[in-house]
Amino acid sequence: QVQLVESGGGLVQAGGSLRLSCAASRSIFSINPMNWYRQAPGKRRELVASITSGGSTKYAESVKGRFTISRDDAKNTVYLEMNSLKSEDTAVYYCRVVTGARDYWGQGTQVTVSS
């Protein structure tokens, strides 16, 4: 079992930056991949970025070149660096992992981008 706690959300102006963190309650060394999702009001939850244990990354087209996912296995933490934020990035951001055939989600952190 693993618990995920996101932090780092907040209110930021368009063009600004935020860094989200997802802290896991146990080692994430074997968890592959680690994922960030988001859900905007009235929209479906969507995959934003993922990172494998080997460091390979994938991004949604809408965030490519602006967001960077990284992981620090020593700290059991995954990060999402978000730059050049747009109003359409406003959403609740969630960390998600699938391990041991179980699906784990964090509680989410709100990101609001004002235009």
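Our subject is the structure that appears above.
Rules and cut-offs
- Residues numbered from 1 in each chain as written.
- Predicted model: local features only at pLDDT ≥ 70, side-chain atom pairs only at ≥ 80, totals over all residues.
- Heavy atoms only, no water.
- Disulfide = S-S within 2.5 Å.
- Helix = DSSP H or I, 4+ residues; strand = E, 2+ residues; numbered from the N terminus.
- Buried < 20%, exposed > 50% of the residue type's maximum accessible area, 1.4 Å probe, protein only.
- Pairing = 2+ DSSP bridges.
- Salt bridge = Lys/Arg side-chain N within 4 Å of Asp/Glu carboxyl O.
- Phe/Tyr/Trp six-rings, centres within 6.5 Å; stacked < 30°, edge-to-face > 60°.
- Lys NZ or Arg CZ within 6 Å of the ring centre and 35° of its normal.
- Axes fitted to C-alpha atoms, helices over the stretch in contact; angles between N-to-C directions.

(A) Structural detail: the state of the cysteines. Going through the model one piece at a time under the given rule, you end up with one disulfide. A sulfur-sulfur separation of 2.2 Å characterises the disulfide bridge that pairs C22 with C95. With the S-S dihedral at roughly -80 degrees, the linkage between C22 and C95 falls on the left-handed side. With C22 in strand β3 (residues 18-24) and C95 in strand β9 (residues 91-99), the pair connects residues that are 73 residues apart, well separated along the chain.

(B) Broad picture of the pairing of β9. Where burial is concerned, most of β9 is hidden: eight out of the nine residues are buried. Bridge count between strand β4 (residues 34-39) and β9: five bridges; the pairing is antiparallel. By the bridge assignment, R38 is partnered in β9 with Y93. By the bridge criterion, three bridges tie β9 to strand β11 (residues 109-114) in an arrangement that is antiparallel.

(C) Just the pattern of salt bridges, in detail. Within the structure shown, the criterion is met by seven salt bridges. The salt bridge involving R38 is made with D89; its shortest N-O contact spans 2.9 Å. Residue R38 is located in strand β4, and its partner D89 is located in the loop between β8 (77-82) and β9; the two are separated by 51 residues in the primary sequence. Judged on exposure class, the residue R38 and its partner D89 are both buried. Across the salt bridge formed by R71 and D73, the nearest N and O atoms sit 2.9 Å from each other. If you follow the salt bridges from partner to partner, you end up with R38, E46, R66 and D89 in one network.

(D) Here's a closer look at the packing of aromatic side chains. Going through the model one piece at a time under the given rule, you end up with two aromatic pairs. On the basis of an interplanar angle of 85 degrees and a centroid distance of 6.2 Å, the ring pair of Y94 and W105 is categorised as edge-to-face. Highlighted residues: Y94 in strand β9 and W105 in strand β10 (residues 102-105), separated in sequence by eleven residues. Residue Y94 is classed as buried on the basis of its relative accessible area of 13%. Accessibility expressed as a relative area gives 33% for W105, which makes it partly exposed. Among the aromatic residues, those joined into a ring-pair cluster are Y37, Y94 and W105. Positioned above the aromatic ring of Y79 is the side chain of R19, whose terminal nitrogen or guanidinium carbon lies 4.0 Å from the ring centre. The ring centre of Y94 lies 3.8 Å from the NZ or CZ of R45, which sits over that ring.

(E) Structural context of the sheet that holds strand β1 (residues 4-7). Sheet architecture is open: four strands sit in the order β1-β3-β8-β7, paired in antiparallel fashion. Both edges of this open sheet fall to β1 and β7 (67-72), since each of them pairs with a single strand only. Between one strand and the next, the sheet's axes are offset by a mean angle of 15 degrees, whatever the strand orientation. For β3 and β8, the ladder comprises six bridges, and the chain directions are antiparallel. Residue R19 lies in a different strand from β8, and its bridge partner there is E81.

By themselves, these are just geometric observations and shouldn't be taken as functional.
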